[in-house]
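# A look at the structure
One-letter residues, chain by chain:
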Amino acid sequence: LKEENAWLKGQIRKQYGDIIGQSRQMQVVFDLVRRIAPTNINVLITGESGTGKELFARAIHNESQRTSQPFLAINCGGLPDNLVESELFGFRKGAFTSADRSKKGLLEVAEGGTLFLDEVGELALSTQVKLLRYTQERCFIPLGGTEELRSDVRIIAATHKDLSLEVERGDFREDLYYRIAVFPVRLPSLRERGGDAVLIAELFLSRLRSRPGWSGL
């Protein structure tokens, strides 16, 4: 049993890096990742904060045909609304006061790869409109620009919110919701995952033991 347990841990780490889990709930999620990774459909990852949404987004990218192309991420709730928009779509010189040069947006830089939109539920409605157009047409216009640009980027979004409720409240566009939630994946919290907490604790402990000068347990 010990040998089998060690082998399973090795296989999980080999496939998914720091994503650890042997519980039935996590095996379901792993199976979903394997199924959706080879496709190009947009994915919405939901779950509480700390459940590893970005780790799973990277796993989907790494298991896809886009793995050799960029994986870029942006926290939509960690930046002011206008800055999120300029980061996504880029801007042209003179678009605003401090725009002394043009800058490519993430949708252009991530060409052929994957863009991870963390906390997508925090996007301003004005930015949602522009993102909706991109998901529909695969084209966008940088701030201050006039030329329409095209790019091929897979969207993986994540949120701790219930976006269906946000749609009902009018805080999130229904049409954008259905565009990004083509394949929804819910990540279980640690309290739902049985003995996985022990596996994670063992991983952290093994890392501590490997550090120079470690003299703990």
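The structure we're discussing is the one just above.
Residues numbered from 1 in each chain as written. Predicted model: local features only at pLDDT ≥ 70, side-chain atom pairs only at ≥ 80, totals over all residues. Heavy atoms only, no water.

### Examining the overall build of the protein chain
The test is simple: Only DSSP runs of H or I covering at least 4 residues are called helices, and only runs of E covering at least 2 are called strands; the numbering of each starts at the N terminus. Buried, partly exposed and exposed residues are distinguished by accessible area as a fraction of the type maximum, computed with a 1.4 Å probe on protein chains only: under 20%, between the cut-offs, and over 50%, respectively. Contacts were defined at the residue level, with two residues in contact if any of their heavy atoms lie within 4.5 Å.
Within the protein chain, the regular secondary structure consists of nine helices and seven strands. Expressed as a percentage of its 217 residues, the buried residues of the protein chain come to 42%. In the protein chain, the proportion of contacts linking residues at least 24 apart, taken out of those at least 6 apart, comes to 69%.

### Notes on the pattern of salt bridges
Let me state the cut-off plainly: Any carboxyl oxygen of Asp or Glu within 4 Å of a side-chain nitrogen of Lys or Arg constitutes a salt bridge here.
In the structure shown here, the tally under the stated rule is 11 salt bridges. Between Arg 58 and Glu 54 there is a salt bridge; the shortest N-O distance is 3.3 Å. Here Arg 58 pairs with Glu 54, and both are found in helix α3 (residues 53-62), just four residues apart, close to one helical turn. Among the residues examined, Arg 58 registers a relative accessible area of 37% and is labelled partly exposed. Glu 166 is the salt-bridge partner of Arg 169, the closest N and O atoms lying 2.7 Å from each other. Here Glu 166 and Arg 169 lie together in helix α7 (residues 163-169), a separation of three residues that amounts to about one turn. For Glu 166, a relative accessible area of 8% gives the class buried.

### Here we look at the nonpolar core
The condition that has to hold: The criterion is simple. A nonpolar core is a set of buried Ala, Val, Leu, Ile, Met, Phe, Trp, Tyr and Cys residues joined through side-chain atoms within 4.5 Å.
Ranked by size, the top nonpolar core spans 28 residues in total, and within it Leu 44, Leu 107, Leu 115, Leu 117, Val 120, Phe 172 and Ile 180 carry the most contacts. Elements that contribute at least two residues to this core include exactly α4 (81-89), α5 (106-109), β3 (114-118), α6 (125-137), β6 (154-159), α7 and α8 (174-180). For Leu 107, the contacting residues outside a window of four places in its chain are Leu 88, Phe 89, Leu 115, Tyr 134, Phe 140, Ser 151, Val 153 and Ile 155. Counting 21 residues, the second-largest nonpolar core is a separate cluster that includes Met 26, Ile 36, Ile 60 and Ala 158.

### A closer look at the packing of aromatic side chains
Note the cut-off: Planes of paired rings set the category: under 30 degrees apart is stacked, over 60 is edge-to-face and the rest tilted, where pairs are Phe, Tyr or Trp rings (Trp by its six-membered ring) whose centres lie within 6.5 Å.
Counted under the stated rule, the structure contains six aromatic pairs. Every member of this aromatic cluster is reached through a ring pair, and the members are Phe 89, Tyr 134 and Phe 140.

### Points about helix α2 (residues 24-36)
Filter applied, for reference: To estimate how far a helix should extend, the number of its residues minus one is multiplied by 1.5 Å. Directions pointing from the helix axis toward each C-beta atom define the arc.
When the terminal C-alpha atoms of α2 are compared, their 19 Å separation across 13 residues agrees well with the 18 Å that a helix rising 1.5 Å per residue should span. Taken as a whole, α2 has its buried residues at Met 26, Val 29, Phe 30, Leu 32, Val 33 and Ile 36. Down the axis of α2, the buried set is contained in an arc of 160°. They therefore lie on one face. In α2, those exposed residues whose orientation departs by more than 90 degrees from the buried face are Arg 24 and Arg 35.

### As for unusual backbone geometry
Backbone geometry places Glu 119, a non-glycine residue, at a positive phi of 50°. Mapped onto the elements, Glu 119 comes out in the loop between β3 and α6. With a phi angle near 60°, Arg 138 is a residue other than glycine that sits in the positive phi range. Structurally, the position occupied by Arg 138 is in the loop between α6 and β4 (139-140). Looking at Arg 138, the relative accessible area reads 22%, which means it is partly exposed.

### Structural notes on the sheet that holds β6
Applicable threshold: Two strands are counted as paired when DSSP detects at least two bridges linking them. For helices, the axis comes from a line fit to the C-alpha atoms of the stretch in contact; other axes are also lines fit to C-alpha atoms, and the angle between any two N-to-C directions lies between 0 and 180 degrees.
Pairing in this open sheet of five strands is parallel, and the strands run β2-β3-β6-β1-β7 from one edge to the other. Two strands close off the open sheet at either side, each with one partner strand: β2 (71-75) and β7 (183-186). On average, adjacent strands in this sheet sit at an angle of 20° to one another, irrespective of strand direction. As judged from the five bridges shared by β2 and β3, these two strands associate in the parallel manner. When the bridges of β3 are listed, Phe 71 appears paired with Thr 114. Against the sheet, α2 makes contact with β1 (43-46), β6 and β7, and its axis sits at roughly 155° relative to β7, the strand it touches most.

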